[in-house]
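# Summary of structural features
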Amino acid sequence: MKVKTILVSQPVPKTENSPYQELSDKQKVKIDFVPFIHVEGVEAKEVRAQKIDLNNYTAIILNSRTAVNHFFRIAEEMRFTVPDEMKYFCQSEAVAYYLQKYVVYRKRKIYVGKRTFPELIKIIKKYKDEKFLFPTSDKLKENIPEALNNASINWDRGIFYKTVVSDLSDLENVFYDILVFFSPSGIDSLFKNFPNFKQNNTRIAVFGNSTVEAATKAGLKCNIKVPTPETPSMTMALKKYIVEANKR
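Attention in this report is confined to the structure presented alongside it. Note that the structure is a prediction, hence the values are computed from the model and not measured.

Reading the values: the criteria
- Residues numbered from 1 in each chain as written.
- Predicted model: local features only at pLDDT ≥ 70, side-chain atom pairs only at ≥ 80, totals over all residues.
- Heavy atoms only, no water.
- Patch = residues over 30% accessible without salt bridge, like charges linked within 9 Å, V, L, I, M, F, W, Y side chains within 5 Å.
- Areas by Shrake-Rupley, 256 points an atom, 1.4 Å probe, with all protein chains shown as cover.
- Salt bridge = Lys/Arg side-chain N within 4 Å of Asp/Glu carboxyl O.
- Lys, Arg positive; Asp, Glu negative; His and termini not counted.
- Charge placed at Lys NZ, Arg CZ, Asp CG, Glu CD.
- Helix = DSSP H or I, 4+ residues; strand = E, 2+ residues; numbered from the N terminus.
- Pairing = 2+ DSSP bridges.
- Axes fitted to C-alpha atoms, helices over the stretch in contact; angles between N-to-C directions.
- Core = buried A, V, L, I, M, F, W, Y, C linked by side-chain atoms within 4.5 Å.
- Buried < 20%, exposed > 50% of the residue type's maximum accessible area, 1.4 Å probe, protein only.
- Contact = heavy atoms within 4.5 Å.
- Right-handed = clockwise from strand over helix to strand, strands pointing away.
- Phe/Tyr/Trp six-rings, centres within 6.5 Å; stacked < 30°, edge-to-face > 60°.

## With respect to a positive patch on the surface
On the surface, Lys114, Lys122, Lys125 and Lys128 cluster together into a positively charged patch. For lysine 128, the position within the fold is in the loop between helix H5 (117-124) and strand E7 (132-137).

## Quick word on the sheet that holds strand E1 (residues 5-8)
Read from one edge of the open sheet, 5 strands run E2-E1-E9-E10-E11, paired in parallel fashion. Of all strands in the sheet, those bounded by a partner on one side alone are strand E2 (30-33) and strand E11 (222-226). Strand-to-strand twist across the sheet, computed as the mean angle between neighbouring axes with direction ignored, equals 20°.

## What to know about the nonpolar core
Counting residues in hydrophobic clusters, the biggest one holds 28 residues, and the most contacted among them are Leu54, Leu62, Tyr88 and Leu99. Broken down by secondary-structure element, the contributors of at least two residues to this core are helix H2 (44-49), strand E4 (59-62), helix H3 (65-77), strand E5 (87-90), helix H4 (93-98) and strand E8 (155-165). Those residues in contact with tyrosine 88 that lie beyond four places of it in its chain are Ile60, Leu62, Phe72, Val82, Leu99, Val103, Arg108, Lys109, Ile110 and Tyr111. Within the second largest apolar cluster, 19 residues are counted, among which are Tyr20, Ile31, Ile224 and Val226.

## Let's talk about unusual backbone geometry
Cis geometry is adopted by the peptide bond preceding proline 227, which originates at valine 226 and carries an omega value of 0°. Relative to the elements of secondary structure, proline 227 occurs in the loop between E11 and helix H9 (234-245). Phi at lysine 28 takes a positive value of approximately 60°, unusual for a residue other than glycine. Within the secondary structure layout, lysine 28 lies in the loop between helix H1 (19-27) and E2. Although it is not a glycine, serine 152 sits at a positive phi angle of roughly 60°. Inspection of the secondary structure puts serine 152 in the loop between helix H6 (143-150) and E8. Overall, serine 152 belongs to the exposed group, its relative accessible area being 53%.

## Here's the deal with the sheet that holds E7
Sheet architecture is open: 6 strands sit in the order E3-E8-E7-E4-E5-E6, paired in mixed fashion. Only two strands of the sheet have a single neighbouring strand rather than two, namely strand E3 (37-41) and strand E6 (109-112). Geometrically, the sheet is characterised by an average inter-axis angle of 25° between neighbouring strands, direction not taken into account. Taken together, the 4 bridges between E5 and E6 define a ladder with parallel strand orientation. Considered in E6, the bridge of tyrosine 88 is made with isoleucine 110. Against the sheet, H3 touches E3, E4, E5, E7 and E8, its axis set at about 110° to E8. Lying over the sheet, H6 contacts E4, E7 and E8, oriented at roughly 175° with respect to E8.

## Focus: the pairing of E8
Judged from the 5 bridges that link them, E3 and E8 form a sheet pairing that is antiparallel. Residue pairing across strands places histidine 38 opposite valine 164, the latter belonging to E8. Sheet analysis places E7 next to E8, joined by 6 bridges and oriented parallel. Paired with threonine 136 across the two strands is isoleucine 159, which belongs to E8.

## Describing the pairing of strand E10 (residues 203-207)
When you tally the buried positions in E10, you get 4 out of 5 residues, the bulk of the element. Inspection of the sheet shows strand E9 (residues 178-181) paired to E10 by 4 bridges, in the parallel sense. Paired with leucine 179 across the two strands is isoleucine 204, which belongs to E10. On the question of chirality, the crossover connecting E9 to the parallel E10 by way of helix H7 (residues 184-193) is right-handed. As defined by bridge partners, E10 adjoins E11 across 4 bridges and the pair is classed as parallel. Residue pairing in the sheet places isoleucine 204 in a bridge with cysteine 222 of E11. The parallel pair E10 and E11 is bridged by helix H8 (residues 209-217), and the resulting crossover is right-handed.

## Regarding the packing of aromatic side chains
Geometry of an aromatic ring pair is reported as the spacing of the ring centres plus the angle between the planes. Enumeration over the complete set of coordinates arrives at 13 aromatic pairs. On the numbers, 5.1 Å between centres and 65° between planes, the contact of phenylalanine 89 with phenylalanine 132 is edge-to-face. Of this pair, phenylalanine 89 sits in strand E5 while phenylalanine 132 sits in strand E7; the two residues are 43 residues apart in sequence, bridging distant segments of the chain. The same class applies to phenylalanine 89 and to phenylalanine 132, which are both buried.

If you want it as structure tokens, here you go:
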């Protein structure tokens, strides 16, 4: 069956010339963006209930810009002045640069991983005398705490924000040729909003092994799996599939 419509389960890209816009223009397909999940901050009293006292930490592990936002939000709610000597361990340059929203970058001790958490662990291992706080969402890959524990790091996890299922009731009678998912939470949201969802002729595109696993477990057939050596990005995989499907 030909592809004319695609629903991406994420917010609209902020960049004007996004790869999705190019895909839409060149392949003549309609692409809509609807976030299936969103983030809500945890209140300061809930953080205190986790026995988190910000005074106890000398270093912060930050694996996303969302984590940056919610760490400083909680600090403000707790009326905690983040000391200048606080060390920040950021998973990527994008996260590190985002810190400039809250601190004077050149005057702070900021350590940056290349991109993945295992790469950041290599840096963290050099600072075992620090007491680390890791502000996260309620959903965290199991291998991350394991890696920190295996490295004998003195750290605590604080749940500062939660991943919440979005209300998708507006989509109840809307049908798309392809649904695109980037996380198991997106799959979870689909079935919480539509418990009786049947795939029928809808194609499912998924990014990452954990998303493939969640989709398969939910009884979905994954027609497009990303990344692969041939198609490392979702837009490349969608283009390849659309070109082949629309030839028929």
